[in-house]
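Residues per chain are reported as follows:
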Amino acid sequence: MLKRSKLLLIGLALVIVGCQKEAPVTGDPKPADSGSGSGSGSGFKIVFIPKNTGNPYFKDVIKGFEDASAEIKASFVTTGPANGDATSQISYIKDQIQRGVDVIALAANSPDALNPVLDEAKAKGITVLTVDADLAKNESHRDAAVIPTDFSKLGESQVELLGSLIGYEGPFAILSATTDAPNQNAWIATMKDTLKQPKYAKMKLIDTVYGNDDAEKSTTVCEALLSKHPDLRGIISPTSVGLAASAQTLQLSGAYPGGPHAVGKGVQLTGLSTPNQLKKFVQNGTVTSFQLWSPRDMGYIATYLGQQIHSGKLKPAEGGKFTAGKLGEKTFGKLNVVAAGPLLTFDKSNIAKYDF
Ligand code: RAM
């Protein structure tokens, strides 16, 4: 264990150095069409507020907004807080109300802390969409939601994936985003339900920790998990930041299956992240497989949806349909939720063909 702790310390130092190389993060609004000269012809203004800035996952969501905004000649900007705290988006939403945008799309950091400011936006005639993370049990404070995939199946898919990697047996932990994150909390709840099925009776969830969608914090909590539970068989990290940081930590610790410091069969790490962030860890054997969807499609669909609701052409209602540009017809589910696309599973056999 001593060796593992020392390696973890070296790992932390490397991860911090790695993080510092990232592009500087700014909370200033960024026009999507800057430089291209296109995308603002219609006067229709849409803003996307991610959970936090500097997360590659949201950069892909933003690309989708940019693609669709260029097609419909909307003026798109993105702005957001540096961290994913429950209340961190409030001042950004207020600023956008002041700017007089037509649509505010946001990945919510809290299921309920934003209710008053979103009501203020709606009262001013702004269409409010949640994208990626919805307002669980507070859906009346937005007009519609675009979620990445069918959430009812996600928790089960993640547990099944880890189960298949560890022979459906052994202690495992969850390394999540923030304690308030509505999407991660919904998935964790369905993971816990799934564990009640007899098939998973020998898998024991022994710890749930939070890396706040921050690479450094995720590294620290992953290191702590590895040293606190030497018999750990698996980690599910259903956050793109958490999974990438954990993969780096696990690689440096050597505790992955077949690694130089693996205890028994080693730790299987899985969860949700972008293929580009995880590619090297899958190719070098630290991670066997993990999942995600297309973040870009979500932003693309939300742009078309926001425009059609705002223009009055579309009234969201369960079973109702609309056309999202090149992605074709989409249907509202319960509570005006639109699921963007399928859940994808990545491993050595297919990861090279994905670039996002
Ligand atoms: C992080 C965020 C986001 C989630 C992905 C999988 O980027 O928490 O909300 O959908 O991970």
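Analysis parameters
- Residues numbered from 1 in each chain as written.
- Predicted model: local features only at pLDDT ≥ 70, side-chain atom pairs only at ≥ 80, totals over all residues.
- Heavy atoms only, no water.
- Buried < 20%, exposed > 50% of the residue type's maximum accessible area, 1.4 Å probe, protein only.
- Helix = DSSP H or I, 4+ residues; strand = E, 2+ residues; numbered from the N terminus.
- Pairing = 2+ DSSP bridges.
- Right-handed = clockwise from strand over helix to strand, strands pointing away.
- Near = heavy atom within 4 Å.
- Polar contact = N/O pair within 3.5 Å; in protein donor to acceptor, adjacent residues only side chain to side chain.
- Areas by Shrake-Rupley, 256 points an atom, 1.4 Å probe, with all protein chains shown as cover.

S.K.: Which parts of the structure should I look at to understand the pairing of strand β7 (residues 170-176)?
M.R.: Side chains on a regular strand alternate between the two faces of the sheet. β7 sits mainly inside the fold: 7 of its 7 residues count as buried. By the alternation rule, side chains of β7 split into G170, F172, I174 and S176 and P171, A173 and L175, which are all buried. The sheet contact formed by β7 and strand β8 (residues 203-210) spans 7 bridges and is parallel. Looking at the pairing, L175 lines up with V209 of β8. Handedness of the β-α-β unit built from β7, helix α6 (residues 182-194) and β8 comes out right-handed. Where β7 meets strand β9 (residues 234-237), 3 bridges bridge the pair, whose relative direction is parallel. Its bridge partner lying in β9, I174 is registered against I236.

S.K.: When you look at the site of the ligand in this model, what are you seeing that I'm missing?
M.R.: In the vicinity of the ligand, 14 residues are found, and the nearest of them are K51, N55, D132, D213 and S240. In this structure, an oxygen atom belonging to the ligand sits 2.6 Å away from a side-chain N or O atom of D213. Burial of the ligand by the protein chains amounts to 100% of its free accessible area of 290 Å². Within the residue set of the shell around the ligand, elements represented by two or more residues are α2 (56-72) and α6. No other element matches the 3 residues that α6 contributes to the shell around the ligand.

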